[in-house]
Amino acid sequence: PTSAQVSAVPQAGRFRYTLDNNVLTTEQRQFYEDNGYLLIKKLVSDEDIERFRKEFVRICKREVKPPGAMIMKKESLRSQYGQSEEVVNKVQDFQEDKELFRYCALPEVLKYVECFTGPNIMAMHTMLINKLPDSDNQTFLHPMHQDLHYFPFRPADLIVCAWTAMERADQDNGCLVVQPGTHKEPLKPHDYPKWEGKTNKLFHGLVDEDEKTPKLHLVMEKGDTVFFHPLLIHGSGINKTSGFRKSISCHFASSECYYIDVKNTTQEHLEQELAEMIHKKYSATSVKLRDIWTFRARLVQGERINL
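Conventions and cut-offs
Residues numbered from 1 in each chain as written. Predicted model: local features only at pLDDT ≥ 70, side-chain atom pairs only at ≥ 80, totals over all residues. Heavy atoms only, no water. Buried < 20%, exposed > 50% of the residue type's maximum accessible area, 1.4 Å probe, protein only. Helix = DSSP H or I, 4+ residues; strand = E, 2+ residues; numbered from the N terminus. Core = buried A, V, L, I, M, F, W, Y, C linked by side-chain atoms within 4.5 Å. pLDDT = per-residue confidence, 0-100. Contact = heavy atoms within 4.5 Å.

A.B. asks: What should I look at first to understand helix H1 (residues 26-35) in this one?
C.D. replies: One turn of an α-helix holds 3.6 residues; hence residues three or four places apart share an orientation. Here H1 lies mainly inside the structure; seven of its 10 residues are buried. Of the residues making up H1, those classed as buried are Gln-28, Arg-29, Gln-30, Phe-31, Tyr-32, Glu-33 and Asn-35. Immediately downstream of H1, the backbone of Gly-36 shows phi near 85°, a positive value.

If you want it as C-alpha cells, here you go:
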C-alpha cells in the first residue's frame, strides 16, 4: 500500500492512533490507522538536509564533538580512510549538537508529530544513519524489530518516529522495510539474530519472525519523511551500491507518557546489557533504563510533564 491507497472512509470516533486536528486528512488518518505508518513527500527542504550532511561530515572529521553522542564506526576501514564519512555508520544521541538537533524542532516536522503525540512533545531518541556500502558480510543489515523494545515509557500510541531520507532510499541501498499493520500487535521478545557474520551492538531483532507477514520496501526520495508507530515491525536491508544512504530520525513522545519498570518483562535483558555498557564506560553502578532515557530526553514543544 502507499499513502494514496486507502480503505473506506471510517465512522467518527474510529481513530485510535491519531488525534483530532486539521493537519491530516481523513484518508491519511485511516491509512496510519490501518498500516502504522504515513509517508509525507518532500517534507524537509534540500537546504536543511545539506546543512545536516555538512554537520555529519564535521563530526566524522572530529571538527565537532557533540557531548553524549555515540559515534558508531566500522573499525576495519579506519586504516584505509582515517576519520571520515567512509568509516562512520551512525551518530546516535545528537541532542547536544545544535545543528543536527534543529531537525527535531523543524516546524514542518512538529506539525505532523503533534497529530500523534499532542502538543507537549519530547524528543527522546535521535539518530543520523550513514548506511555504508556492504555487499559482502551484511554488517549493517538491521533485523526486523519493534522500536518499543528499546523504550521504557508508555503509552505506545503517544510515541512516533519521524524518519527523513537525506537522499533517495531504495532496495539497492537498503531502504526501510515495513510490515504494514503490525503496529496492532503486542511487543514481542527481541534478541541478537542468529545469522552468520557480525551483528552490531544492540541491533536486536524479533526472536520469532513470521516470514509469511508481507513486507513492503519504502522507496523514498530526498526530503521524504515517514512517520511510524513504535510497534510497527520494520528493518532495513544492506547497501549494495558504492555510495552512502543517509537518513536522519527522531523518536518523539508526548511528555504525558510515563516511565515503566522493565523488570520481569521482555525488555529486562536490554536494561542489563545497557547497564553493563555504561558501567564499563563511566564506572556507573545501578543504572536503570529510565535513567538513560531521562538523560537523552529534550522538550521541543509545550510543557514537560512526566518524561
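Let's pick the thread back up.
A.B. asks: Any chance you could explain the nonpolar core here in plain terms?
C.D. replies: As a rule of thumb, soluble globular proteins bury nonpolar side chains together. Core analysis: the biggest nonpolar cluster contains 51 residues, and Tyr-103, Cys-104, Val-109, Val-226, Phe-227 and Phe-252 have the highest contact counts within it. Per element, the largest residue contribution to this core is six residues, and it comes from helix H5 (residues 107-117). In terms of nonpolar packing, the next biggest core, distinct from the first, is built from 22 residues, Met-124, Ile-159, Ala-297 and Leu-307 among them.

A.B. asks: Explain the environment of Val-178 here, please?
C.D. replies: By secondary structure assignment, the location of Val-178 is in strand E8 (residues 176-178). Its relative accessible area of 2% is what places Val-178 among the buried residues.

A.B. asks: I would appreciate a short explanation of unusual backbone geometry in the present structure.
C.D. replies: Note on backbone geometry: most residues besides glycine have negative phi, and most peptide bonds are trans. The omega torsion across Arg-154 and Pro-155 is 5°, close enough to zero to call that bond cis. Turning to its location among the elements, Pro-155 is positioned in the loop between strand E6 (153-154) and strand E7 (159-165). If you check the backbone angles, Arg-62 has positive phi at about 65° while not being a glycine. For Arg-62, the position within the fold is in the loop between helix H2 (46-60) and strand E2 (70-73). The exposure class of Arg-62 is partly exposed, given its relative accessible area of 45%. One non-glycine residue, Asn-264, lies in positive phi territory at about 65°. You can see Asn-264 is positioned in the loop between strand E15 (258-259) and helix H6 (268-282). Residue classification places Asn-264 among the exposed positions, given a relative accessible area of 70%.

A.B. asks: Mind showing me how you'd approach the confidence of the model for the protein here?
C.D. replies: Note that predicted coordinates carrying low pLDDT should not be read in detail. A residue-level look at the protein finds 86% of positions with pLDDT of 70 or above and a mean pLDDT of 87. Below a pLDDT of 50 lies the segment residues 1-11, which in the model reaches 21 contacts outside its immediate sequence neighbourhood of four places, other chains included.

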